Amino acid sequence: MKTLRVAILGQGRSGRNIHGAHILQDGRFRVCAVVDPIAVRRERAMREYGLAEEDVYAAPEGLYARGDIDFVINATPSPLHQPLAIAMMRHGLNVLQEKPIAGTTAEVAELEQAISETGRAYMIFLQSRYAPQFVKVREIVESGVLGRIVQVKITTSSFGRRWDWQTLQENVAGSLYNSGPHPVGQALEFLHSYDSMPQVFCWMDRVNTFGDAEDFVKMILRAPDRPLVEVEISCCDAYVPYTFDVQGSCGTLIANAQGIRWKYFKPEEAPCQKLIRTPLADAQGLPIYCAESLKWYEETLDASNIVDNVFADATRRMYDDVYDHLVHGKPLGVTLKQVRQQIAVMEEAHRQNPMSRLAEELL
């Protein structure tokens, strides 16, 4: 088995706690270099990954002269995602990019140009697309038991106040850029209309944030011959919401952290009905309402039966994709075409909700 040598840009919550933690448990990869401007993080990286002093750098330029790196994980702050990815590719390095990949579609176009000119691999880390719960929900939906899907609601909500750098617009931040790539990416998979821009309606608000970016998002997406898809990202939901609510012509599915439930009837077993234009009445001529007895089927799947650690499993599946792409040449499950539409949707949401910036003295 080939072992891929990896350099990690950034040792914050993503670079260390997600990517670094996974690689330490995955024998297919080995961290050979780390970049971080904070000295204490570089020192910790040396201990945790078994690196020599010459393998840790304060700036990414230290990687350019090396010829032993199979790919770079770009887990730097959001404003650096796009420019650093381009710089890495122009210096001959493959890139695994954290979200958001960019702030605008114009920046995505610059990425596409760099990929075309350099021929480097550009991979996008959206592990939520591999989350076992999401995969199972899509499997149930695609089985057809719920009939024609009319509406899908995706909720990523909780209650919390936030005051860090990811609350500021200048940092390509706010709930839509921070958390939104996950539910918006899942929403676009339900639409599966990547060749044209969906209709977007969005309302954003600032509620419990100490910064000037949004922390409440309600988005509705629509495409021809597709279900209506709603995405909610809220900082003010103190109850545990359903993550998925799928409504179809034959039934409904709901899913949350505890598991999945779906209820449906089989059309071939339903009573035969036809349109009646006159008022409905019983045998005595008394008015009645439409009513029938449907044979319902209900199934449940406990979360523990999906996988013990959903986040770790989604990360592993994402890294399976990275390894198979780089070693075996298999196509990526998350493509730039798909994520370009995601950025376009988020860009349109911000266009509809221009948010004032806080005066400097208030920060």
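Residues numbered from 1 in each chain as written. Predicted model: local features only at pLDDT ≥ 70, side-chain atom pairs only at ≥ 80, totals over all residues. Heavy atoms only, no water.

Peer 1: Which residues make up helix α2 (residues 39–49), and what are the values?
Peer 2: Three or more residues of α2 are buried, namely R42, A45 and Y49. Buried residues in α2, looked at end-on, bunch into an arc of 55°, giving them a common side. At the C-terminal side of α2, G50 shows a positive phi close to 70°. (Buried < 20%, exposed > 50% of the residue type's maximum accessible area, 1.4 Å probe, protein only. Helix = DSSP H or I, 4+ residues; strand = E, 2+ residues; numbered from the N terminus. Arc of directions from axis to C-beta.)

Peer 1: So what about the nonpolar core? Which residues, and what values?
Peer 2: In terms of nonpolar packing, the biggest core is built from 91 residues, with L63, F71, I101 and M219 touching the most fellow members. For L63, the contacting residues outside a window of four places in its chain are A7, L9, A33, V35, Y57, I69, V72, M88 and L93. (Core = buried A, V, L, I, M, F, W, Y, C linked by side-chain atoms within 4.5 Å. Contact = heavy atoms within 4.5 Å.)

Peer 1: How would you explain the packing of aromatic side chains if you had to name every residue and give the values?
Peer 2: Evaluation of the coordinates by the stated rule reveals ten aromatic pairs. With centroids separated by 5.8 Å and ring planes inclined at 85°, the aromatic side chains of F29 and Y323 adopt a geometry described as edge-to-face. With F29 in strand β2 (residues 29–35) and Y323 in helix α8 (residues 310–328), this pair connects stretches of sequence that are 294 residues apart. On the basis of relative accessible area, F29 is assigned to the buried category, the value being 4%. (Phe/Tyr/Trp six-rings, centres within 6.5 Å; stacked < 30°, edge-to-face > 60°.)

Peer 1: Could you give me a rundown of the UniProt feature "domain: Gfo/Idh/MocA-like oxidoreductase N-terminal" (unreviewed entry) in the protein, with the residues and numbers involved?
Peer 2: UniProt marks residues 4–124 with the feature "domain: Gfo/Idh/MocA-like oxidoreductase N-terminal" (unreviewed entry), using the numbering shown here. Secondary structure over residues 4–124 splits into 36% helix and 21% strand, and the C-alpha atoms at its two ends are 17 Å apart. (UniProt positions renumbered as here; feature names shortened; annotations may be inferred.)

Peer 1: Let's hear about empty space enclosed by the protein: which residues, and what values?
Peer 2: Throughout the structure, instances matching the rule amount to one cavity of 30 Å³ or more. Each pocket or cavity is described by its volume, and for the largest cavity that value is around 30 Å³. Forming the boundary of the largest cavity are L126, R129, G185, L188, Y194, Q338, V339 and Q342. Taken together, the elements giving at least two residues each to the lining of the largest cavity come down to α7 (181–191) and α9 (336–352). Among the elements that make up the lining of the largest cavity, the one with the highest residue count is α9 (three residues). By residue class, the composition of the lining of the largest cavity is four nonpolar, three polar and one charged. (1 Å grid on protein atoms, 1.4 Å probe; cavity = no way out; pocket = protein on both sides within 12 Å on 5 of 7 lines; lining within 4 Å. Points joined across faces, edges and corners; volume = space filled by probe spheres on them. Nonpolar A, V, L, I, M, F, W, Y, C, P; charged D, E, K, R; others polar.)

Peer 1: Give a detailed account of the sheet that holds strand β8 (residues 199–205), specifying residues and quantitative values.
Peer 2: Strand pairing in a sheet relies on backbone hydrogen bonds. The paired strands run either parallel or antiparallel. Across the sheet, eight strands lie side by side as β8-β9-β10-β7-β11-β12-β13-β14; this open sheet has mixed pairing. Only two strands of the sheet have a single neighbouring strand rather than two, namely β8 and β14 (296–302). Within this sheet the neighbouring strands show an average axis-to-axis angle of 10°, counted without direction. The strands touched by α7 within the sheet are β7 (149–155), β9 (216–222), β10 (228–234) and β11 (244–248), with β10 carrying the most contacts at an inclination of about 175°. (Pairing = 2+ DSSP bridges. Axes fitted to C-alpha atoms, helices over the stretch in contact; angles between N-to-C directions.)

Peer 1: Any details on the layout of surface pockets? Residues and values, ideally.
Peer 2: For the second largest pocket, the calculated volume is near 250 Å³. Forming the boundary of the second largest pocket are Q273, K274, L275, I276, L280, I288, Y289, C290, A291 and E292. Within the lining of the second largest pocket, the residues separate by chemical class into seven nonpolar, one polar and two charged.

Peer 1: Could you give an account of the packing of α7 against α9, naming the residues involved and the relevant values?
Peer 2: At a closest axis distance of 10 Å, the pairing of α7 and α9 adopts a crossing angle of 115°. Between α7 and α9, the crossing angle belongs to the class labelled roughly perpendicular. Viewed along their axes, α7 and α9 form a crossing whose handedness is right-handed. Contact residues: α7 offers P181, V184, G185, L188 and E189, while α9 offers Q338, Q341, Q342, V345 and M346. (Parallel < 35°, antiparallel > 145°, perpendicular 65-115°, else oblique. Left-handed = near helix turned anticlockwise from the far one by under 90°.)

Peer 1: Give me the pairing of strand β4 (residues 71–74): which residues, what numbers.
Peer 2: Because side chains alternate across β4, one face comprises the buried residues F71 and I73, and the other comprises V72 and N74, equally buried. With three bridges joining them, β4 and strand β5 (residues 95–97) adopt parallel strand pairing. Counterpart to V72 in the pairing with β5 is V95. As for the winding sense of the linkage, the β-α-β connection from β4 through helix α3 (residues 81–90) to β5 is right-handed. (Right-handed = clockwise from strand over helix to strand, strands pointing away.)

Peer 1: Report on the sheet that holds strand β3 (residues 56–57), specifying residues and quantitative values.
Peer 2: Taken in spatial order, the six strands line up as β3-β2-β1-β4-β5-β6 in an open sheet, and their pairing is parallel. At either margin of the open sheet sits one strand with a lone partner, and together these are β3 and β6 (122–124). Examined bridge by bridge, strand β1 (residues 4–9) and β4 share four bridges and lie parallel to one another. Its bridge partner being in β4, A7 is matched across the sheet by V72.

Peer 1: Give me the side chain of H182: which residues, what numbers.
Peer 2: If you trace the backbone, H182 turns up in helix α7. A residue is classified by how much of its surface remains accessible, and H182, at 19% relative accessible area, is buried. Residue contacts for H182: discarding those within four places in its chain leaves K99, L126, Q127 and S128.

Peer 1: Would you mind going over the UniProt feature "domain: GFO/IDH/MocA-like oxidoreductase" (unreviewed entry) in the protein in detail, with residue names and values included?
Peer 2: In the UniProt entry, the feature "domain: GFO/IDH/MocA-like oxidoreductase" (unreviewed entry) is given for residues 134–253. Overall, residues 134–253 shows 21% helix and 30% strand. The separation of its end C-alpha atoms is 12 Å.

Peer 1: Let's hear about the pairing of strand β12 (residues 251–256): which residues, and what values?
Peer 2: Here β12 lies mainly inside the structure; five of its six residues are buried. In sequence, β11 turns back onto β12 through a hairpin of two residues. Here β12 runs beside strand β13 (residues 259–265); their pairing, made up of six bridges, is antiparallel. Each residue of the ladder has a partner; that of L253, found in β13, is W262. Count of turn residues in the β12/β13 antiparallel hairpin: two residues.

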